[in-house]
Amino acid sequence: MGSKVCAIVGMGSGVGAAVARRFAAEGYCVAMISRDAGKLERYEHELAARGVTAQGFVVDAGSDESIVSAIENMRQAMPPPEVLIFNASVPRECAPSVLDPEALASDLRIGVLGALTAARAVLPAMRATGQGSILYTGGGLAMEPVAAAASLSVQKAALRNLVFSLHQELSPAGVHAAIVTIAGVLREGSLLDASRVADAFWTLHAQPPGQFAREIVLS
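Residues numbered from 1 in each chain as written. Predicted model: local features only at pLDDT ≥ 70, side-chain atom pairs only at ≥ 80, totals over all residues. Heavy atoms only, no water.

1. A short note on the packing of helix α1 (residues 15-24) against helix α6 (residues 194-206)
Geometry of a packed helix pair, given as the angle between the helix axes and the separation of the axes. This is how it is decided: Whenever a helix is involved, its axis is fitted only over the stretch in contact; in every case the axis is a line through C-alpha atoms, and angles between N-to-C directions fall within 0 to 180 degrees. Helix numbers and strand numbers start at the N terminus; a helix is a DSSP run of H or I with at least 4 residues, a strand a run of E with at least 2. Any angle that falls under 35 degrees is termed roughly parallel, while one over 145 is termed roughly antiparallel, one within 65 to 115 roughly perpendicular, and all others oblique. If you view the pair so one helix is near and one far, a crossing is left-handed when the near helix is turned anticlockwise from the far one by less than a right angle, and right-handed when it is turned clockwise. It only takes one pair of heavy atoms within 4.5 Å for two residues to be counted as in contact. Charged means Asp, Glu, Lys or Arg here, nonpolar means Ala, Val, Leu, Ile, Met, Phe, Trp, Tyr, Cys or Pro, and polar covers whatever is left, Gly included.
Taken N-terminus to C-terminus, the directions of α1 and α6 make an angle of 50°; their axes are 8 Å apart at the nearest point. Relative to α6, the element α1 is oriented oblique. The crossing of α1 and α6 is right-handed. Seen from α1, the contacting residues are V15, A18, V19, R22 and F23; seen from α6, they are A194, S195, V197, A198, D199, F201, W202 and H205. Considered class by class, the residues forming the contact of α1 with α6 number nine nonpolar, two polar and two charged.

Below, the structure written as structure tokens:
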């Protein structure tokens with residue numbers, strides 16, 4: 001197994017799989033973190049068929065303890081990740097006036113608090129080496145909310161704010177925190193193709209210290 005690891009929290013068939021392929025093309029092994037063990041096993045086989053070394057770890061992104069445990073299990077099986085991609089959110093369809101506050105709190109626990117917990121879990125190793133990237137999947141709803149997707153709009157707005165704060169704090173230490181904001185709907189073969197999103201994640205990770213961008217917006 002190679003020494004460079006890209007960990008993806010919220011592994012899926014769209015952005016997650018595209019990011020896995022993109023980083024694998026640069027020589028990275030992939031740690032896939034998701035709640036669905038069956039899907040993780042399928043992704044392992046699919047990526048192996050493409051020559052990608054990938055291993056899955058089951059997590060409940062709504063549980064701090066589960067996230068920390070999954071990342072600890074990952075560190076026992078693989079080297080500490082050089083890159084963490086956080087790709088988890090809850091796409092709940094509901095207008096704000098009828099959105100249950102408890103439902104919103106639950107969604108924020110996954111889409112925002114989970115993002116912070118995952119960052120905190122990988123940061124000690126990155127700080128020790130003075131390098132690493134913590135990157136997030138954002139959305140245009142952060143800048144232009146949609147009433148029918150009120151919860152996701154709030155999640156992405158809060159996440160973007162959090163990432164900007166992390167960027168400000170961590171950049172002097174050589175750790176790159178940034179967000180890829182997808183301002184539109186992913187569609188294969190379009191300007192919002194998942195492979196273009198994956199390229200944006202690589203672009204951020206490849207930026208040298210002193211030239212860290214905090215965001216790439218794709219539209």
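2. Focus: the sheet that holds strand β3 (residues 54-58)
This is how the line gets drawn: Any two strands between which DSSP finds at least two bridges are classified as paired.
Pairing is parallel in the open sheet, where seven strands are placed in the order β3-β2-β1-β4-β5-β6-β7. Each having just a single partner strand, β3 and β7 (215-218) make up the two edges of the open sheet. Strand after strand, the sheet turns through a mean of 15° between neighbouring axes, direction not considered. Packing against the sheet, helix α2 (residues 37-49) makes contact with β2 (29-34) and β3, and its axis sits at approximately 175° to β3.

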